[in-house]
Amino acid sequence: MRQDVSAIDAIGRTAFAVAALRAAEHRRTDRLFSDPWAEQFLRAAGEVLGPPEATEDFAALMRTQAAVRSRFFDDHLVGATERGVRQVVLVASGMDSRPWRLHWPEATTVFDLDQAPVLRFKDEAMEGRVAHTAATRRAVAADLREDWASCLHAAGFRDDRPTAWLLEGILYALNEKAAEGLLADLTRLSAPGSTLAFDHFEVGPSLRAATDRLGADLSRLWQSGPTDPAAWLSHHGWQPEVRELANVAACFGRTPHHAYDAGPGAEGHSWLAVAIRPPAPATG
């Protein structure tokens, strides 16, 4: 059954493009992860992505990145919970189905945070389709441009407990000032032992041309974000590990688009980062 997507804004609709990439990966026999729900979201949304000829360049650029980062973040989040973290926050989650598709330890709470129309669409698409999961999913309707932390607390979030944060596919849409504010808020909410994972990439000619073909609204979304992720994290007291997408992809037997490969045709960085919030230094 088709659902109305008219209330979802331009940034929210980018989630359907990511869902299409995840659905394509799920169909591969050598897939890096399983996401049976991505196709369900696309069927519910209808022709939200436009004609295939408008999306093929974007898909070619982002296909490997989306697959590799999804598996990379899956491994990180599951690893964090296996080490005892019991709060997971998916920031600007879009069509992320991790609350249902990952095998979470008992007593894990997954906070699924995005704008209300996005969550409403996802809830309706998933209604009656999900078997029991060990985690408790809590949908948090919030806009990152507003007081999203209060919404998170109202949903039961505890800032005195370690948290595994995920910022997937969002930093590109923020300028440096907005990215700085987001990390400051997130750091304030992070108890020692918390982890943070995110992806970020620079915009080169190939990506700009591909987003222009998708439409002016999408192309205008691309901002700078943090220009030095390791320094950005360190400045806020996190211990970072920042890797190039090409190096992580090689571990999974994949090669990214030449725009983000390690060769001479590279047009910019594509980063995958994880960080930990260390204990405060002892005093006295």
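Procedures and definitions
Residues numbered from 1 in each chain as written. Predicted model: local features only at pLDDT ≥ 70, side-chain atom pairs only at ≥ 80, totals over all residues. Heavy atoms only, no water. Helix = DSSP H or I, 4+ residues; strand = E, 2+ residues; numbered from the N terminus. Buried < 20%, exposed > 50% of the residue type's maximum accessible area, 1.4 Å probe, protein only. Contact = heavy atoms within 4.5 Å. Areas by Shrake-Rupley, 256 points an atom, 1.4 Å probe, with all protein chains shown as cover. Lys, Arg positive; Asp, Glu negative; His and termini not counted. Charge placed at Lys NZ, Arg CZ, Asp CG, Glu CD. Axes fitted to C-alpha atoms, helices over the stretch in contact; angles between N-to-C directions. Parallel < 35°, antiparallel > 145°, perpendicular 65-115°, else oblique. Nonpolar A, V, L, I, M, F, W, Y, C, P; charged D, E, K, R; others polar. Salt bridge = Lys/Arg side-chain N within 4 Å of Asp/Glu carboxyl O. Polar contact = N/O pair within 3.5 Å; in protein donor to acceptor, adjacent residues only side chain to side chain. Left-handed = near helix turned anticlockwise from the far one by under 90°. Pairing = 2+ DSSP bridges.

Colleague: Help me understand the overall build of the protein, please; the structure alone is not making it clear to me.
Modeller: Along the backbone of the protein there are 11 helices and seven strands. Its C-alpha atoms put the protein at 65 × 50 × 35 Å along the principal axes. Of all 284 residues assigned to the protein, the portion counted as buried reaches 51%. A separation of at least 24 residues holds for 76% of the contacts in the protein among residues at least 6 apart in sequence. Summed over its atoms, the accessible surface of the protein is roughly 12,800 Å², and 51% of this surface lies on carbon and sulfur atoms. Here the protein carries 30 positive and 38 negative side-chain charges, and the mean point of each set is 4 Å from the other.

Colleague: How do you make sense of the packing of helix α2 (residues 37–45) against helix α5 (residues 116–126) when you look at a structure like this?
Modeller: Packed helix pairs are specified by the crossing angle of their axes together with the interaxial distance, meaning the distance between the axes. For the pair α2 and α5, interaxial distance at closest approach is 10 Å and the crossing angle is 110 degrees. Between α2 and α5, the interaxial angle falls into the category roughly perpendicular. Where α2 abuts α5, its residues Trp 37, Gln 40, Phe 41, Ala 44 and Ala 45 lie against Phe 121, Lys 122, Ala 125 and Met 126. Of the residues assigned to the contact of α2 with α5, the class counts are seven nonpolar, one polar and one charged.

Colleague: What exactly am I supposed to notice about the pattern of salt bridges here?
Modeller: Oppositely charged side chains are able to pair whenever their charged atoms sit close together. Within the structure shown, the criterion is met by 19 salt bridges. Among the salt bridges present, the one from Asp 35 reaches Arg 101, with a minimum N-O distance of 3.9 Å. Here Arg 101 lies in helix α4 (residues 98–101) and Asp 35 lies in the loop between α1 (10–27) and α2, a separation of 66 residues in the sequence. Pair check on accessibility: Asp 35 and Arg 101 agree, each one buried. The salt bridge partner of Glu 168 is Arg 69, with a shortest N-O separation of 3.0 Å. A residue pair is termed long-range when its members are at least 10 positions apart, and Glu 168 in the loop between β4 (163–167) and α7 (176–188) and Arg 69 in helix α3 (residues 52–82) qualify at 99 residues. Accessibility assignment for this pair places Glu 168 and Arg 69 in one class, buried.

Colleague: How should the side chain of Thr 163 be read in this particular structure?
Modeller: For Thr 163, the location among the structural elements is in strand β4. Here Arg 161 takes part through its backbone oxygen, which lies 3.4 Å from a polar atom of the side chain of Thr 163. Discounting chain neighbours no more than four positions away, the residues touching Thr 163 are Val 85, Gln 87, Val 89, Phe 157, Arg 158, Ser 194 and Thr 195.

Colleague: Please explain the packing of α1 against α2 as it appears in this structure.
Modeller: The interhelical angle for the contact between α1 and α2, taken along N-to-C directions, is 135 degrees, at an axis separation of 8 Å. The angle between the axes of α1 and α2 places the two elements in the oblique class. Like other packed secondary-structure pairs, α1 and α2 cross with a definite hand, here left-handed. Taking contact as the criterion, the partners of Phe 16, Ala 19, Ala 20, Arg 22, Ala 23 and Arg 27 in α1 are, on α2, Ala 38, Glu 39, Phe 41, Leu 42 and Ala 45.

Colleague: I would appreciate a short explanation of the sheet that holds strand β7 (residues 270–276) in the present structure.
Modeller: Strand pairing in a sheet takes place through backbone hydrogen bonds and is either antiparallel or parallel in direction. Across the sheet, seven strands lie side by side as β3-β2-β1-β4-β5-β7-β6; this open sheet has mixed pairing. Each of the sheet's edge strands pairs with one partner strand only, and the pair in question is β3 (136–141) and β6 (239–244). Mean inter-strand twist for the sheet, computed between neighbouring axes without regard to direction, equals 15 degrees. Pairing between strand β1 (residues 87–91) and β4: five bridges, direction parallel. The residue of β4 that forms the bridge with Val 89 is Trp 165.

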